Amino acid sequence: MSIPAASVKRLRDLSGAGMMDAKRALVENDGDMDAAIDWLRTKGLAKAAKKSGRTAAEGLVGVAVEGGIGVVVEVNAETDFVAKNKDFQALVRDITDAALRVRDLNALVAAEINGVAVLDAVQEKIATIGENMSVRRMARVEGEHVASYVHNAAAPGMGKIGVLVAVNGEDSVVAKQVAMHVAASSPISLSESDMDPSIVERERAIFAEQARQSGKPDNIIESMTKGRMRKFFEESTLLAQKFVMDPDCRVRDVVSQAGLEILGFARFEVGEGIDKEEEDFAAEVAKAAGG
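Residues numbered from 1 in each chain as written. Predicted model: local features only at pLDDT ≥ 70, side-chain atom pairs only at ≥ 80, totals over all residues. Heavy atoms only, no water.

K.L.:
Could you give an account of a nonpolar patch on the surface, naming the residues involved and the relevant values?
P.N.:
A contiguous nonpolar surface patch, about 230 Å² in accessible area, is contributed by Met180, Val244 and Met245. Topologically, Val244 is positioned in the loop between β8 (242–243) and β9 (246–250). (Patch = residues over 30% accessible without salt bridge, like charges linked within 9 Å, V, L, I, M, F, W, Y side chains within 5 Å. Areas by Shrake-Rupley, 256 points an atom, 1.4 Å probe, with all protein chains shown as cover. Salt bridge = Lys/Arg side-chain N within 4 Å of Asp/Glu carboxyl O. Helix = DSSP H or I, 4+ residues; strand = E, 2+ residues; numbered from the N terminus.)

Written as structure tokens, this is what we have:
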């Protein structure tokens, strides 16, 4: 099949593979980007690529904490210009505050802000600003204390990355440090037992195939696969990760010494998991200007 050059370039950017390897991977997998990444990884030609890291869409992530409740909300727009717009930021703040009163996204878009439903308020802003917008997702955590952190803040409580960490315990300083760690390290789950089984099986299959290509006996392949899975869990589960502020310690040791128990966390990054056609800066300016 014919593979567009733009797809090859995108796969190279995502995987770090060479041009010919990227093109072959897409051909072998009928142009499926995710399958092509797995194919490259199986062949040892790409680093692990987290689908959640493919940031494309614009907008803001808002966080709010009230008592032992914390919420994080992502509101998307078409361009970064809108993310800097004060009216859009006010909308994100109102929606995030409304999220404190509900438990899921369906309830949030039906909740009222300034006398109208969130969904209607978004539609009104679309008409005013002239860009498509959406309330994409929300998460809620609860505990005795909820620490929050916003990275690349555009305004108080909102930015490109928003993190919540719910804990039992009194050490709010360490809880905040853990929230900053989550922003930097992007763990997939709290622990191995909390991880989505489909993710575990996908990684195990890739590691097993990589080991099998070594030509070693089955018992050695099994041992190699277990070792690689152990490293995967250490790198991708919050409690087992090395603490960014003290790499000699694991997060589980830091929170234990502080008398904390982590109950849950949430990390949203603007646009993660959304594919968007690349557009040069001049085209983006033209679109924002209505040209």
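K.L.:
So what's going on with the nonpolar core? Residues and values would help.
P.N.:
Formed by 28 residues in total, the largest nonpolar core has its most connected members in Val73, Phe88, Ile95, Leu108, Val118, Val122 and Met133. For this core, the elements supplying multiple residues, two or more each, are β1 (58–66), β2 (69–77), α4 (80–83), α5 (86–99), α7 (118–129) and β5 (133–142). Considering every element that reaches this core, the biggest residue donor is α5, with six residues. Once you skip the residues sitting within four places of it in the chain, Val118 turns out to touch Ile95, Leu108, Val109, Ala111, Ile113 and Val135. Within the second largest apolar cluster, 21 residues are counted, among which are Ala183, Phe243, Val254 and Ile262. (Core = buried A, V, L, I, M, F, W, Y, C linked by side-chain atoms within 4.5 Å. Buried < 20%, exposed > 50% of the residue type's maximum accessible area, 1.4 Å probe, protein only. Contact = heavy atoms within 4.5 Å.)

K.L.:
Describe in detail the packing of aromatic side chains, supporting the description with residues and values.
P.N.:
Overall, the coordinates contain two aromatic pairs when judged by the stated rule. A centroid spacing of 6.4 Å and a plane angle of 65° characterise the contact between Phe207 and Phe232, whose relative ring orientation is edge-to-face. Of this pair, Phe207 sits in helix α9 (residues 197–212) while Phe232 is found in helix α10 (residues 218–236), placing the two residues 25 residues apart along the sequence. What makes Phe232 buried here is its relative accessible area of 11%. The interplanar angle of 50° and the centroid separation of 5.6 Å between the aromatic rings of Phe232 and Phe233 together place this pair among those described as tilted. What makes Phe233 buried here is its relative accessible area of 9%. Among the aromatic residues, those joined into a ring-pair cluster are Phe207, Phe232 and Phe233. (Phe/Tyr/Trp six-rings, centres within 6.5 Å; stacked < 30°, edge-to-face > 60°.)

K.L.:
Account for the pairing of β9, with residues named and values stated.
P.N.:
Relative to β9, β8 runs antiparallel, the two sharing two bridges. Directly across from Lys242, in β9, lies its bridge partner Arg250. If you look at the hairpin formed by β8 and β9, you'll find two residues sitting between the two strands. (Pairing = 2+ DSSP bridges.)

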